[in-house]
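Given next are the chains, with one letter for each unit.
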Amino acid sequence: MNSTIPQRLRVDFPAVQTRLNKEEEALLVEIIRHSPTWSQGEQMEAFEREFSQYVGCSDSLAVSSCTAALEMAATLCGLSQGDEVILPAHTFVSSAVPFARTGAQLIFADIDPSTRLISAELIKPCLSKKTKVLVVVHLYGLPVDMNPILRLAEEYGLKVVEDVAQAPGAIYHGQKTGSMGDYAAFSFHNQKNISTLGEGGMLAVRNASDGDRARKLRWMGSWPFTGNRKHYWQPAMSDLVSGMKGVWPFNFCLSEVQCAVGRKLLQRLDAINEERRAQAAFIRQAVADIPELSFQYVPKGHVHAYHLLVAQYDGSKSNCTRDDLINLLFQEYGIKCIVQYWPLYRSELFQSFGYGKIRLTNTDHFFDNMISFPFWSGMPKETLNYMAKSIRSALIQLRS
Ligand SMILES: Cc1ncc(COP(=O)(O)O)c(C=O)c1O
């Protein structure tokens, strides 16, 4: 079998995961026509307020991407050369680069083989006197076991950054993801559970004073003058302030139209996630008796947001590999599955920065054997049925 394009691609891996409804589309036109500003207006303020209420954090800042939120979080952590940051290598590249950019050393922790997430147990051997920050990634939508990590952070005086790009609205023992760390970064890229028209993000903070610092960093230090001025134009349109000593500010703003869409989608997020859980349960159930495929273990008290539906394939009994499974699903069933996430230390980018010698057993094993099935919000029943039936028969076919 080779990997040429099959005769008929029946289930593609989608770029946009949640489409807008008619009311949301109409809102775009409304804002474009009537909003007094297209940037940093009442939609942004309302989105941030409603987001903080939803997550249960002190303050939130709408930003242009999750990567931007992580850049702000890394900056607010006050990292510098000689510091160490512990994080998983099994994640999207943005979980790491903003921390590396500060000059800190990245220390990659392995992942738990059942949840495929970082854990306190796997962080412990990475701790040193230089550790300053722990980055936890709620990957694929499953919340990390936070309590033991928060205890470690308290014991060693470390900051905790939650990467919530893939898990908005996921719940850990009654708490929303993003409400537990010092800082949390959310993504509204179009491949996420909700999207602000392709790009967007949110930085959530636990301490209100961090929100004030971050706001001054978000838009190039531009800030309203305080007190009365004799002439509104003197000395200039706005003040120019420092959010953090020694730090140059950014422009990471999110537009009014994007914030308006974000507000609407936030109201739908719980329903979107509920539907995604039902879709995942349907597929998982259809192959539950086939031991070759193992999905993420969801511990009690963890509510998965199912950004993606991933599993590990073990075809060793029949001498088959994950690539055989992906190829069969692609060629014979027209279902396009993919592989994620490149262990960062195995990429050319991280090798070029000297991280190439690292190897982590569980991370490497999962990457080499994982499969990510096409998944999006509102999958039609026929597609789910077709996928469930096809995955099942492909797995059985590979046994012979
Ligand atoms: C785990 C994780 N972190 C961060 C990001 C970066 O998100 P954005 O594209 O909004 O910058 C992503 C996006 O794929 C992600 O999956």
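Quick notes on the rules
- Residues numbered from 1 in each chain as written.
- Predicted model: local features only at pLDDT ≥ 70, side-chain atom pairs only at ≥ 80, totals over all residues.
- Heavy atoms only, no water.
- Helix = DSSP H or I, 4+ residues; strand = E, 2+ residues; numbered from the N terminus.
- Contact = heavy atoms within 4.5 Å.
- Buried < 20%, exposed > 50% of the residue type's maximum accessible area, 1.4 Å probe, protein only.
- Pairing = 2+ DSSP bridges.
- Domains from an automatic or database assignment.
- Buried area = accessible area lost by both parts, 1.4 Å probe.
- Salt bridge = Lys/Arg side-chain N within 4 Å of Asp/Glu carboxyl O.
- Polar contact = N/O pair within 3.5 Å; in protein donor to acceptor, adjacent residues only side chain to side chain.
- Nonpolar A, V, L, I, M, F, W, Y, C, P; charged D, E, K, R; others polar.
- Near = heavy atom within 4 Å.
- Areas by Shrake-Rupley, 256 points an atom, 1.4 Å probe, with all protein chains shown as cover.

Attention now moves to the environment of Arg276. Structurally, Arg276 can be placed in helix α8 (residues 256-286). Between the C-alpha atoms of Arg276 and Ala74, which are 202 residues apart in sequence, the distance is 31 Å. Aside from chain neighbours lying at most four places away, what touches Arg276 is Gln17, Thr18, Asn193, Ala305, Tyr306, His307, Phe375, Trp376 and Ser377.

Within a regular strand, the side chains alternate between the two sheet faces. Strand β1 (residues 59-63) sits mainly inside the fold: five of its five residues count as buried. Neither face of β1 is left uncovered, since the one carrying Asp59, Leu61 and Val63 and the one carrying Ser60 and Ala62 both have all their residues buried. By the bridge criterion, five bridges tie β1 to strand β9 (residues 201-205) in an arrangement that is antiparallel. By the bridge assignment for β9, Leu61 is matched with Leu203.

Moving on, we get to the domain arrangement of the chain. When the domains of the chain are assigned, the result is domain 1 (22-267) and domain 2 (269-397). Once you take the C-alpha centre of each, domain 1 and domain 2 turn out to be 27 Å apart. In this complex, domain 1 contributes 43 residues to the contact, which on the side of domain 2 involves 40 residues. Across the domain 1/domain 2 interface, buried area totals approximately 3300 Å², and carbon plus sulfur atoms make up 60% of it. Contact with domain 2 buries area across many residues of domain 1, yet Arg116, Tyr140 and Asn193 alone supply 24% of it, more than any other trio. Linking domain 1 with domain 2 are zero salt bridges. Our enumeration of links across domain 1 and domain 2 arrives at 27 residue pairs in polar contact (both at pLDDT 80 or more). Looking at the side of domain 1 that touches domain 2, the elements that each hand over two or more residues are β3 (105-109), β6 (171-172) and α8. Ranked by residue count, the leading element in the side of domain 1 that touches domain 2 is β3, at four residues. Of the residues in the side of domain 1 that touches domain 2, the class split is 27 nonpolar, 12 polar and four charged.

Attention now moves to unusual backbone geometry. The residue after Gln234, namely Pro235, is reached through a cis peptide bond having omega -5°. Of note, the amide linkage connecting Gln340 to Tyr341 takes the cis form, showing an omega dihedral of -25°. Mapped onto the elements of the fold, Tyr341 is located in the loop between α9 (322-333) and α10 (348-352). Even without glycine at this site, His173 takes up a positive phi of about 40°. Looking at where His173 falls in the secondary structure, it is placed in the loop between β6 and β7 (175-176). Here His173 falls in the partly exposed class, since its relative accessible area comes to 47%.

Ordered in space as β7-β6-β13, the three strands form an open sheet in which the pairing is antiparallel. Each edge of the open sheet is held by one strand with a lone partner, namely β7 and β13 (302-303). As defined by bridge partners, β6 adjoins β7 across two bridges and the pair is classed as antiparallel. Directly across from Tyr172, in β7, lies its bridge partner Gln175.

Take the side chain of Ser222 next. Assignment of secondary structure puts Ser222 in strand β10 (residues 222-223). We classify Ser222 as buried; its relative accessible area is 17%. Filtering out sequence-adjacent residues up to four positions away, Ser222 remains in contact with Ser238, Asp239 and Leu240.

A separate point is the site of the ligand. The environment of the ligand is formed by 15 residues, the closest being Thr67, Asp163, Gln166, Ser187 and Lys192. Ser187 places a polar side-chain atom, nitrogen or oxygen, 2.7 Å from an oxygen atom of the ligand. In isolation the ligand exposes 390 Å². Once the protein is present, 92% of that is buried. Per-class residue counts for the shell around the ligand are four nonpolar, nine polar and two charged.

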